[in-house]
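Descriptive structure summary
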Amino acid sequence: MEHHAAHKPAHKTLDLHQLFSWLLADGMIDKADVKARYNEAQALLRNASASMHPLIAIAQIKLTSTAPPHKLLTLDALSEWMAGKARVPFFRIDPLKIDFTRVADVMSATYAARFNILPVELTPTDVVIATAEPFAIEWEAEISKVTRRNVKVVVSNPLDIAQYTAQFFTLAKSIKGASKHGQHDTALRNNFEQLVELGKSNKSLDANDQHVVNIVDWLWQYAFEQRASDIHLEPKRDLGAIRFRIDGILHQVYQVPAAVMIAMTARIKLLGRMDVVEKRRPQDGRIKTRTAGGQEIELRLSTMPTAFGEKLVMRIFDPEVVVKTLPELGFPPDDAKRWDSLTARPHGIILVTGPTGSGKTTTLYTTLKALATAEVNVCTVEDPIEMVEGSFNQMQVQHGIDLSFADGVRALMRQDPDIIMVGEIRDLETAEMAIQAALTGHLVLSTLHTNDAPSAVMRLLELGVPYYLLEATLIGIMAQRLVRTLCPDCKKPDGAISDDAWNSLAEGWKIPRPETAYRPVGCPECRQTGYRGRTGLYELLTITQPFSRLIKEETDIHALKSQSIKDGMKPLRVAGALKVAEGVTTVEEVLKVTSALT
């Protein structure tokens, strides 16, 4: 392969003057503004404590391109524009797609830092190197010679290069160090447990332990950056797999040697105050940590013995979620109003239903947080406590000492509560205690696993709750689901929805069909999935007199459903159709999480 350097200005680093003349030539900046904006950027470069790339200075003065579509010239946009100038591909660095233990073999960390370059891909024939200086590539021939591969130069955001150079090389060193330390699986297993014991007695740890600390810290930081809700560490025969759940979908992130995964699991268990030596039975724990920005985040840990060792899942709880309002969770304004009027009632039972991971706990925490004023006593009994929240009094179910949900509610009743939240109604005893609490003048909120709101009545009757007690205490039921929302940066109009697709969504409901639907495309912001974030679909059933008269020993579910619709309940699929009409999500997403209307 011919070297790029031959076609470019000889080894010239970019300067502000050159970049501004290019911006002017491309019609991206107004001639009248050039001087003032140039001086602004020049001042930033002069005052920077460390050497600053000129593109960073231009990004910081927040120019808006005078050429259509008049976008703000962010650092990414400027890097991509400059890549076009150099006739070199632009490369957005996605840390989750780079095998840093391999790319770190290409050069030393010092060499990478000297030239501000970062190897991002290694194949048997090529090595791809990211730079923010596409005209200063004197290193190209040397790397080609050392690696015996063709060098492909790509342009990346200079800040990303600096950040990931530091992270990748440190991490690669840690993984290699930990692997070396744990060459023999059993030796590492015993060795690491001895290290942990040393740690408990506050003696100095073996230096090799620092490698594992680095890897675990990196893992959490990436999970927070990628908006993951769960981290899975899965041991396999030779390599352990690390996966993140992002917007409800699992993504394979990285593979580490089996020995390193054992060490990582042991480190996390130690931090979560779990028994590190016990690997044969499932355990639970929790860790409170902080993001790089200083925000507190709670992790709930759960281990499970598998054929190849302990599998560890960490559920990430973002405290920001509890601060959200109902509309931010996806509640339509009329449903939010009805929900607020239900939760303002002095007593009665309100149920939230849906499968695992449908956002029930988030809805309850958001509601309780709004209700927990200085004048009321809000108590919860949970298994386990999902998020520790200062404005409620939370109790954890302890099966080992016979403290069940029902015992918890019984204890709470003597605590002068106003509002009680029961994590889940799983059996008749808990249901009866919740009803008892509602009958004695308390507002009780709880969750159930049913497919829709009217089915919750059937589920309680099946558990053995007398129908007249349900009639007397039940005031509202809400079923919910989460759907992925389209990425606002890349969604594209997709033309009108076909009659069949719209009919399968709206099924006879008079909902105006949108003129166009949107489809997912995929961009760096949403990691090429086309979706970013999730929103709720809600089916809110307010118990009316006609509805409660239908609650009998031999209740007919179809009668309950048709009455709930007469009372103003919009089924989940219809709530989904409204989200599609708003351009928030797609028909496929809604059909995936909701069942057909009956």
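Residues numbered from 1 in each chain as written. Predicted model: local features only at pLDDT ≥ 70, side-chain atom pairs only at ≥ 80, totals over all residues. Heavy atoms only, no water.

Under the annotation held in an unreviewed UniProt entry, the protein carries the name Type II secretion system protein E and is attributed to Noviherbaspirillum denitrificans. Recorded under Sequence similarities (unreviewed entry), the UniProt text for the protein is reproduced unchanged: "Belongs to the GSP E family." (UniProt positions renumbered as here; feature names shortened; annotations may be inferred.)

Turning our attention to the domain arrangement of the protein. Segmenting the protein into domains produces domain 1 (16-73), domain 2 (201-317) and domain 3 (326-482 + 534-570). If you average the C-alpha positions of domain 1 and of domain 3, the two centres end up 56 Å apart. (Domains from an automatic or database assignment.)

With 91 residues, the main nonpolar core has Trp-139, Ile-143, Leu-233, Ile-242, Phe-244 and Met-264 as its most contacted residues. In terms of residue count, the dominant contributor to this core is helix 10 (residues 209-225) (nine residues). Mapped onto the domain boundaries, this core takes at least three residues apiece from domain 1 (16-73) and domain 2 (201-317). In this structure, Leu-233 is in contact with Leu-219, Ala-241, Ile-242, Met-261, Met-264, Thr-265, Ile-268, Glu-310, Lys-311, Leu-312 and Met-314, ignoring residues within four places of it in sequence. Judged by nonpolar contacts, the second largest core, of 52 residues, contains Val-397, Ile-435, Leu-448 and Ala-453. (Core = buried A, V, L, I, M, F, W, Y, C linked by side-chain atoms within 4.5 Å. Buried < 20%, exposed > 50% of the residue type's maximum accessible area, 1.4 Å probe, protein only. Helix = DSSP H or I, 4+ residues; strand = E, 2+ residues; numbered from the N terminus. Contact = heavy atoms within 4.5 Å.)

Following the UniProt record, one finds the feature "domain: Bacterial type II secretion system protein E" (unreviewed entry) at residues 413-427. For the annotated span residues 413-427, helix accounts for 7% and strand for 27% of the residues, and the straight-line distance between the end C-alpha atoms is 19 Å.

Spatial strand order, 1-2-3: three strands in an open sheet with mixed pairing. Where the open sheet ends on each side, the last strands, each with one partner, are strand 1 (117-122) and strand 3 (150-155). Strand-to-strand twist across the sheet, computed as the mean angle between neighbouring axes with direction ignored, equals 30°. Pairing geometry for strand 1 and strand 2 (residues 126-131), over five bridges, is antiparallel. Following the sheet pairing, Glu-121 is matched in strand 2 by Val-128. (Pairing = 2+ DSSP bridges. Axes fitted to C-alpha atoms, helices over the stretch in contact; angles between N-to-C directions.)

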